[in-house]
Amino acid sequence: MKSLENALKHKVGLGTAPLGNMFRDVPEGEARETIQTAWNQGVRYFDTAPFYGAGLAEMRVGDVLSKYNRDDYVLSTKVGRYMTDETEKNEGLFEHGRNNKVITDYTEDATKRSIEQSLERLKTDRLDMVFVHDVSPDFHGDEWVAKFEEARTGAFRVLSRLREEGVIRSWGLGVNTTEPIELAMELEETRPDVCLSATQYTLLQHDRALQRMMTMAEEKDVDIVVGSPYNSGALFGGEHYNYENAGADIIGRVNQLKEIGDKYNVPLKAAALQFSTAHPAVKSVIPGSTRPDRIKEDLEMIQRDIPKAFWEELVERGFVSTLAPLPF
């Protein structure tokens, strides 16, 4: 997508799930400084969602970016959830977010309401990309296929129409599994042109994505944005893997990867970013953070020189698939 490519001189955007108070209560000043630092460092693609703190991340993004020319950055958010004025007790990933009640709904009316609310929180009159959020087995279990059908006849049609009218530039799915993206790419009536795949095409986890999703994306000219390239922080020693507590097997695998990285003086953050963006279908990677200094580090890591021997050892020892495009 041309607009996305123009905004990404280094392929790194900012994911804002952590700025919705994911896992912890992020002070307002820290959140704003993180977004401002990303801007100051040249980041021009920002991804957010109503789900992130019941609109908190969108509000924070809007407060910072609204002072800039809207033509100078690319903005994506998501549909599938909207807020009401009713309050509820927060639980799960965003227990520290706003306490507005969040309604999950992929119908036409709900999609329109979600977009209207997002535009208000983001203080903008338009969106570049819109992702249908979490219509996926990890959120809906066995009901995900029914939810996908609700989205197909609701959100997909609304977004396709808005794309045709020029109201949005692109739309797709934003999910943590590969199957919904694969299914959506097979549709004829309402086909996405960009999808956000979180956790699935990373240094730690990519075999399943390579089997079908990435190949289909190339064949059908669907761009991929990689979210959560560090698998919720596990890749550099965090306690979470794919938004849950990291198990001993994951921790052990990360430790082995770190040993190889140390051998070649390669930080795993650099390897993670460069691995995900080496695939030709990937147009952007959007690590999230609440620490301003990590934004600078991300941009340094995407450009760090990594010796070919490092990648060859990862392939030889089975940490990286032989099918994966590599950055050399």
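Remember, it's a predicted structure, so these values are computed and weren't measured experimentally.

## A look at empty space enclosed by the protein
(1) Moving on: Evaluated as defined, the whole model comprises one cavity of 30 Å³ or more.
(2) Moving on: When its volume is computed, the largest cavity comes out at roughly 40 Å³.
(3) Moving on: In this structure, the largest cavity is lined by Val12, Gly13, Leu14, Val43, Pro287, Ile295, Asp298 and Leu299.
(4) Moving on: Examining the composition of the lining of the largest cavity, we find that three residues originate from one element, helix 13 (residues 292-301), more than from any other.
(5) Moving on: Here the lining of the largest cavity is composed, by residue class, of six nonpolar, one polar and one charged.

## Considering the pairing of strand 3 (residues 74-79)
Residues in a regular strand point their side chains to alternate faces of the sheet.
(1) Moving on: Among the six residues that make up strand 3, six are buried, leaving the element largely enclosed by the rest of the structure.
(2) Moving on: Both faces of strand 3 are covered, namely the face carrying Val74, Ser76 and Lys78 and the face carrying Leu75, Thr77 and Val79.
(3) Moving on: Pairing of strand 2 (residues 45-47) with strand 3, which is carried by three bridges, proceeds in the parallel orientation. Within strand 3, the position partnered with Phe46 by the bridge is Leu75.
(4) Moving on: Viewed along the sheet, the connection from strand 2 through helix 3 (residues 56-65) into strand 3 turns out right-handed.
(5) Moving on: Pairing geometry for strand 3 and strand 6 (residues 129-133), over four bridges, is parallel. In the strand pairing of strand 6, Val79 is matched with Val132.

## A few points about unusual backbone geometry
Keep in mind that most residues, glycine aside, have a negative phi and that most peptide bonds are trans.
(1) Moving on: A positive phi angle, near 55°, is found at Ala54, a position not held by glycine.
(2) Moving on: The exposure class assigned to Ala54 is buried, which follows from its relative accessible area of 5%.
(3) Moving on: Of note, Asp221 is a non-glycine position whose phi angle comes to about 60°, a positive value.
(4) Moving on: Mapping Asp221 onto the fold places it in the loop between helix 10 (213-219) and strand 9 (223-227).

## Quick look at the nonpolar core
(1) Moving on: Ranked by size, the top nonpolar core spans 90 residues in total, and within it Phe46, Val132, Phe156 and Leu173 carry the most contacts.
(2) Moving on: Ranked by the residues each element gives to this core, the list is headed by helix 12 (residues 268-278), at six residues.
(3) Moving on: Apart from residues no more than four positions distant in its own chain, Val132 is found in contact with Val79, Tyr106, Ala151, Ala155, Phe156, Leu159, Trp171, Gly172, Leu173, Gly174 and Val175.
(4) Moving on: In this structure, Tyr45, Val194, Leu196 and Ala198 belong to the second largest nonpolar core, which totals nine residues.

## Focus: the side chain of Thr111
(1) Moving on: Along the chain, Thr111 turns up in helix 4 (residues 108-122).
(2) Moving on: Excluding its chain neighbours within four sequence positions, the residues that come into contact with Thr111 are Val79, Tyr106, Ala155, Val158 and Leu159.

## Some remarks on the layout of surface pockets
(1) Moving on: In this structure, the largest pocket encloses a volume near 1,000 Å³.
(2) Moving on: Forming the walls of the largest pocket are 49 residues, and the residues nearest its centre are Pro18, Met22, Phe23, Ser232 and Tyr243.
(3) Moving on: Taken together, the residues of the lining of the largest pocket break down into 19 nonpolar, 19 polar and eleven charged.

## Re helix 3
An α-helical turn contains 3.6 residues, so any two residues separated by three or four positions project in the same direction.
(1) Moving on: Buried residues dominate helix 3, accounting for eight of its ten residues.
(2) Moving on: What helix 3 keeps buried is the set Leu56, Ala57, Glu58, Arg60, Val61, Gly62, Val64 and Leu65.

## Quick look at the side chain of Asn90
(1) Moving on: Checked against the element boundaries, Asn90 lands in the loop between strand 4 (81-87) and strand 5 (100-104).
(2) Moving on: Residue classification places Asn90 among the buried residues on the basis of a relative accessible area of 17%.
(3) Moving on: At 2.8 Å, the side chain of Asn90 and the backbone oxygen of Gly97 are in polar contact.
(4) Moving on: A distance of 3.0 Å separates a polar side-chain atom of Asn90 from the backbone oxygen of Arg98.
(5) Moving on: Filtering out sequence-adjacent residues up to four positions away, Asn90 remains in contact with Glu95, Gly97, Arg98 and Asn99.

## Brief notes about the packing of aromatic side chains
(1) Moving on: In the structure shown here, the tally under the stated rule is 14 aromatic pairs.
(2) Moving on: Considering the side-chain rings of Phe51 and Phe94, the 5.1 Å spacing of their centres and the 75° angle between planes classify their relative orientation as edge-to-face. Placement of Phe51 in the loop between strand 2 and helix 3 and of Phe94 in the loop between strand 4 and strand 5 is noted, with a sequence separation of 43 residues between them.
(3) Moving on: A relative accessible area of 18% places Phe51 in the buried class.
(4) Moving on: With relative accessibility at 8%, the residue Phe94 sits in the buried group.
(5) Moving on: On the basis of an interplanar angle of 85° and a centroid distance of 6.1 Å, the ring pair of Trp144 and Phe148 is categorised as edge-to-face. Separated by four residues within a single helix, Trp144 and Phe148 lie in helix 6 (residues 144-153), roughly one turn from each other. The same class applies to Trp144 and to Phe148, which are both buried.
(6) Moving on: Chaining the aromatic ring pairs together yields one cluster made of Trp39, Phe46, Tyr68 and Tyr73.
(7) Moving on: Above the face of the Phe139 ring, Arg81 is positioned so that its terminal group lies 5.0 Å from the ring centre.
(8) Moving on: Seen from the ring of Phe236, Lys269 lies directly overhead, with NZ or CZ sitting 5.1 Å from the centre.

Definitions and cut-offs
- Residues numbered from 1 in each chain as written.
- Predicted model: local features only at pLDDT ≥ 70, side-chain atom pairs only at ≥ 80, totals over all residues.
- Heavy atoms only, no water.
- 1 Å grid on protein atoms, 1.4 Å probe; cavity = no way out; pocket = protein on both sides within 12 Å on 5 of 7 lines; lining within 4 Å.
- Points joined across faces, edges and corners; volume = space filled by probe spheres on them.
- Helix = DSSP H or I, 4+ residues; strand = E, 2+ residues; numbered from the N terminus.
- Nonpolar A, V, L, I, M, F, W, Y, C, P; charged D, E, K, R; others polar.
- Buried < 20%, exposed > 50% of the residue type's maximum accessible area, 1.4 Å probe, protein only.
- Pairing = 2+ DSSP bridges.
- Right-handed = clockwise from strand over helix to strand, strands pointing away.
- Core = buried A, V, L, I, M, F, W, Y, C linked by side-chain atoms within 4.5 Å.
- Contact = heavy atoms within 4.5 Å.
- Polar contact = N/O pair within 3.5 Å; in protein donor to acceptor, adjacent residues only side chain to side chain.
- Phe/Tyr/Trp six-rings, centres within 6.5 Å; stacked < 30°, edge-to-face > 60°.
- Lys NZ or Arg CZ within 6 Å of the ring centre and 35° of its normal.

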